[in-house]
Amino acid sequence: MLLAQITDTHIVDPATDAELFVDNNQRLALAVARLNAETIRPEAVLATGDLTENGTVAEMRALAELLDPLNIPVLALPGNHDRRSTFRDTFHMPWATDDGHLGWVVDLSELRVIGLDTVVPDSDRGLLDAERSRWLADALDEAGDRPTAIAMHHPPFHSGIHWMDAMPLDGMDTFSQIVAGRKNLTRIFCGHLHRPLVSTVGGVTTTVGISTVVHVELNLDPAAPVELIRDPVGYQLHRFDGTHWVTHTRYIDTGEVPIRPSS
Ligand SMILES: [Fe+2]
Ligand SMILES: [Fe+2]
């Protein structure tokens, strides 16, 4: 099975003149068109947060319109730029309350996906509090021996990019303890860092998807300034054969098309 992942789409209100380094909304439209054209159709599209810039009603409306042509179901999680109230209404999550989390559990054909909401309202930091720790542990217990993955916005590790690490997941040690030794847990998918990253958390491969807009400049100097870079962007296709995962990256908006070399 294929599981696609888009993240950090940062959709803006088309009626504003908010400063943009790229056309965020057009980039998502390109990603949606390319996802629809995949020859092997992903079973679902994980959307791992920061789907809008400010979580306003107008932005959520724009997001919904941009996602509407997508012919693949979306599994959405909020990020620190989103707002639970508008997110819940747009993605039809009636179980969630304003001060409660939007977590969900979805069964795909060969995989159970646990969507963990790491958002703290009005904060860029993420949090795994006592309630969400219990919820996550219960969800992992209930999965039994079914292959399972976790999706979340804030990565449960430090990236080494200091100004992004200043907006971490508080409670990452607890997270690591909860997931360690879970034989059913096969992968952890994150967003937030606007770069492709791979780590291991509690023995589980943990990746950050690429944003559809701008990336964070790769600079591991502890004194590095806050810098973004217009690296190639797109989405990822995670292929799962029941045991192993392979992650592919699809770039969009490059101006390139496949070339067939003559033999
Ligand atoms: Fe973001
Ligand atoms: Fe974020």
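Residues numbered from 1 in each chain as written. Chains lettered and ligands numbered in written order. Predicted model: local features only at pLDDT ≥ 70, side-chain atom pairs only at ≥ 80, totals over all residues.

Trainee: Looking at this structure, I do not really get the overall build of the chain. What am I missing?
Mentor: Scanning the chain from terminus to terminus reveals six helices and 15 strands. Against the compact-globule benchmark of 18 Å for 263 residues, the chain has a radius of gyration of 18 Å, which places it among compact chains. C-alpha atoms of the chain, sized along the principal axes, occupy 50 × 50 × 40 Å. Here the chain, with 263 residues, has 40% of them falling under the buried criterion. (Helix = DSSP H or I, 4+ residues; strand = E, 2+ residues; numbered from the N terminus. Rg over C-alpha atoms; globule rule 2.2 N^0.38 Å. Buried ≥ 20, exposed ≤ 12 C-beta atoms within 10 Å, placed from the backbone.)

Trainee: Explanation requested: the sheet that holds strand β1 (residues 2–6) in the structure shown.
Mentor: The strands that make up a sheet are held in pairs by hydrogen bonds between backbone atoms, and each pair lies either parallel or antiparallel. Spatial ordering of the open sheet is given by β3-β2-β1-β14-β15, a layout of five strands whose pairing is mixed. Each edge of the sheet is formed by a strand with only one pairing partner; in this case those strands are β3 (74–77) and β15 (245–252). Each strand axis lies, on average, 25° off the axis of its neighbour in the sheet, ignoring direction. Pairing analysis gives four bridges linking β1 to strand β2 (residues 44–48), with the strands arranged parallel. When the bridges of β2 are listed, Ala 4 appears paired with Val 45. (Pairing = 2+ DSSP bridges. Axes fitted to C-alpha atoms, helices over the stretch in contact; angles between N-to-C directions.)

Trainee: Whenever I open this one, unusual backbone geometry confuses me. Can you help?
Mentor: Leaving glycine out, the prevailing phi sign among residues is negative, and the prevailing peptide bond configuration is trans. One non-glycine residue, His 10, adopts positive backbone phi at about 45°. With a phi close to 80°, His 192 is a non-glycine residue in the positive phi region. Mapped onto the secondary structure, His 192 falls in the loop between β9 (185–190) and β10 (197–201).

Trainee: Sorry, what's going on with the pairing of β15 here?
Mentor: Both faces of the sheet carry side chains from a regular strand, because those side chains alternate between them. Sheet topology note: the strand β14 (residues 233–240)/β15 ladder contains eight bridges and is antiparallel. By the bridge assignment, Leu 237 is partnered in β15 with His 248. Between β14 and β15, which follow one another and run antiparallel, lie four residues, and Gly 242 among them has a positive phi close to 100°.

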